[in-house]
Amino acid sequence: MAEELPAVSDHAADAAGPETPETAEEEPIKQRKNGLYPGVSDELAENMKSGWADTELRDLEPIAQAAETAARRAALSARFPGERLVIPAGNLKTRSNDTEYAFRASVEYAYLTGNQTEDGVLVLEPTADGHKETIYLLPRSDRENGEFWLSGQGELWVGRRHSLTEAEQLYGIPASDVRELADKLREATGPVRVVRGYDAGIEAALTDKVTAERDEELRVFLSEARLVKDDFEIGELQKAVDSTVRGFEDVVRVLDKAEATSERYIEGTFFLRARVEGNDVGYGTIAAAGPHACTLHWVRNDGPVRSGELLLLDAGVETHTYYTADVTRTLPINGRFSEIQKKIYDAVYDAQEAGIAAVRPGAKYRDFHDAAQRVLAERLVEWGLVEGPVERVLELGLQRRWTLHGTGHMLGMDVHDCAAARVESYVDGTLEPGMVLTVEPGLYFQADDLTVPEEYRGIGVRIEDDILVTEDGNRNLSDGLPRRSDEVEAWMASLKG
């Protein structure tokens, strides 16, 4: 990684709020403390200003979801008439010293604009008949003051940004320089709401104009707006799932290499598919072999992969528009379930079948969870691991020692989507066509659990699929991966053979 950058650290500017063009001229670009060049000569600075071709992109087509994002903004405008609404994308976050984490725009901002660049802010200013929309962005980096080659975020270092004119063509929203926004917001009058937690500078400019309660109402509305997916979103989720299916196939083909190394080989194999076909993984991949499968969010992925044990792989590709799959399969590493593994696996499969069957429009959201938990409780009683009757077990939640988690969640731009929605709209709500949720029952017998026979200990099984609620029932978006134990074995044999 090149390091001879005589450049400014943008993080100091972030902490102080957005930089204006005036302050940019007053403050020279800072030098790296241990850079090999002591400075920039006047001659070099002048030379770097000229001799560059015109690279403005013209006649750009709007992004694929432009109509959908416009409809979402219209719904937002209708919900909060007469109020200024501020939705930031967020800023870069430092990983260490002068390196940053890969940027991912806030879901609220990306959902409403389709834009994914750091420091962006969507502002809806109230008018007599709705709102005036403006997307505030960083313009292309300045060639007059040398920013484009001297700043750590200049385009010769991190790549070209779209011009404001280009952004208007892509997103269908008038664009302005975000460096001017903080001053505008400080002068704003009337009611204002902001989505908090993404841009400290923007929040500071609004500190005397907003309340936590009103801002939370905005966040809740934007979360609930995503409960029912439009056709574009469903298509993106299907793309994410299809790539995820191919990622699982990739993993099965290299299980022998994982046995020779560690769970990291599995994680890396799936990540390659995610980066080639999508934006990233939608969440930290869980590549849990053997007893690690009993740790629900095992993301260290540094353990051994042993023949004869199970691999619980919970992974999802995220598309370039931020929609993620969330799929889990529990696979016999050597391709064949042992008798006890199959017994536990089949119980989880039966529970998932019951859960999926309960997903339909008009059903209560909780129904699929209750259906799956009942099957698992019945098996635990049948196996003598907990004293019945089943109704008692469910009433007291005794099955939770081994089932642990809820049976699913909403899915979308977040792996646990719509998390800020009201309880009455989400977990106590009713399923509608267009909702997408996971159904993922599991059984986990910890390696140190002395309440179960030794042969159960260290076995963890989860099966997870992404389910779309349709007009007449449901559709399993991830049915490209087999689920039944005999089909899993045949599928693995076909990939290895």
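As the structure is a prediction and not an experimental result, all values here were calculated from the model. (Residues numbered from 1 in each chain as written. Predicted model: local features only at pLDDT ≥ 70, side-chain atom pairs only at ≥ 80, totals over all residues. Heavy atoms only, no water.)

K.L.:
Hey, could you run me through the packing of helix α15 (residues 339-357) against helix α16 (residues 367-382) in this one?
P.N.:
What describes two packed helices is the angle between their axes and the distance between those same axes. At a closest axis distance of 7 Å, the pairing of α15 and α16 adopts a crossing angle of 150°. Of the possible angle classes, the one that applies to α15 and α16 is roughly antiparallel. Seen from above, α15 lies across α16 with right-handed handedness. Where α15 approaches α16, its residues D346, A347, V348, D350, A351, A354 and G355 are matched on the opposing element by F368, A371, A372, V375, L376 and R379. Of the residues belonging to the contact of α15 with α16, the class tally is nine nonpolar, one polar and three charged. (Axes fitted to C-alpha atoms, helices over the stretch in contact; angles between N-to-C directions. Helix = DSSP H or I, 4+ residues; strand = E, 2+ residues; numbered from the N terminus. Parallel < 35°, antiparallel > 145°, perpendicular 65-115°, else oblique. Left-handed = near helix turned anticlockwise from the far one by under 90°. Contact = heavy atoms within 4.5 Å. Nonpolar A, V, L, I, M, F, W, Y, C, P; charged D, E, K, R; others polar.)

K.L.:
What is the right way to read the pairing of strand β4 (residues 121-127) from this model?
P.N.:
Two faces belong to every sheet, and in a regular strand the side chains alternate between them. Relative to β4, strand β1 (residues 84-88) runs antiparallel, the two being bridged by four bridges. Bridged to V86 within β4 is V123. Alignment of β4 against strand β5 (residues 130-137), held across seven bridges, turns out to be antiparallel. Directly across from V121, in β5, lies its bridge partner Y136. Joining the antiparallel neighbours β4 and β5 is a turn of two residues. (Pairing = 2+ DSSP bridges.)

K.L.:
How should I be thinking about the sheet that holds strand β17 (residues 473-476) in this particular structure?
P.N.:
For sheets, the rule is that strands pair by backbone hydrogen bonds, running either parallel or antiparallel. Strand order in this open sheet of three strands is β13-β16-β17, and the pairing throughout is antiparallel. In the strand order of this sheet, the two ends are held by β13 (436-439) and β17, each with one partner. With strand direction ignored, the average angle separating the axes of adjacent strands in the sheet is 40°. Here four bridges tie β13 to strand β16 (residues 465-470), and the two strands are oriented antiparallel to one another. Looking across to β16, one finds that V439 is bridged to D465. Each of β13, β16 and β17 is contacted by α15, which is oriented at about 155° to β13, the strand it contacts most.

K.L.:
Explanation requested: the UniProt feature "domain: Aminopeptidase P N-terminal" (unreviewed entry) in the protein in the structure shown.
P.N.:
UniProt tags residues 64-203 as "domain: Aminopeptidase P N-terminal" (unreviewed entry). Helix makes up 34% of residues 64-203 and strand 22%, and the two end C-alpha atoms of the span are 31 Å apart. (UniProt positions renumbered as here; feature names shortened; annotations may be inferred.)

K.L.:
What is the right way to look at the confidence of the model for the protein in this model?
P.N.:
The predicted coordinates ought not to be read in detail in places where the model reports low pLDDT. Considering every residue of the protein, the mean pLDDT works out to 94; 94% of them sit at 70 or more. Note that residues 4-26 has pLDDT below 50 and, in this model, 47 contacts with residues that lie over four places away or in other chains. (pLDDT = per-residue confidence, 0-100.)

K.L.:
Honestly, the pattern of salt bridges in this entry has me stumped. Any pointers?
P.N.:
Pairs can form between side chains of opposite charge whenever their charged atoms are close. Under the counting rule described, the total for this entry stands at 41 salt bridges. With a shortest N-O distance of 2.9 Å, R214 and E83 are connected by a salt bridge. Of this pair, R214 sits in helix α11 (residues 212-224) while E83 sits in the loop between α4 (66-79) and β1, and the two are 131 residues apart along the sequence. Relative accessible area serves as the criterion here: at 11%, E83 is assigned to the buried category. For D350, the salt bridge goes to R379, with nearest N and O atoms at 2.6 Å. With D350 in helix α15 and R379 in helix α16, this pair connects stretches of sequence that are 29 residues apart. Here the salt bridges do not stand alone but share partners, grouping R246, D250, R253, R273 and E277 into one network. (Salt bridge = Lys/Arg side-chain N within 4 Å of Asp/Glu carboxyl O. Buried < 20%, exposed > 50% of the residue type's maximum accessible area, 1.4 Å probe, protein only.)

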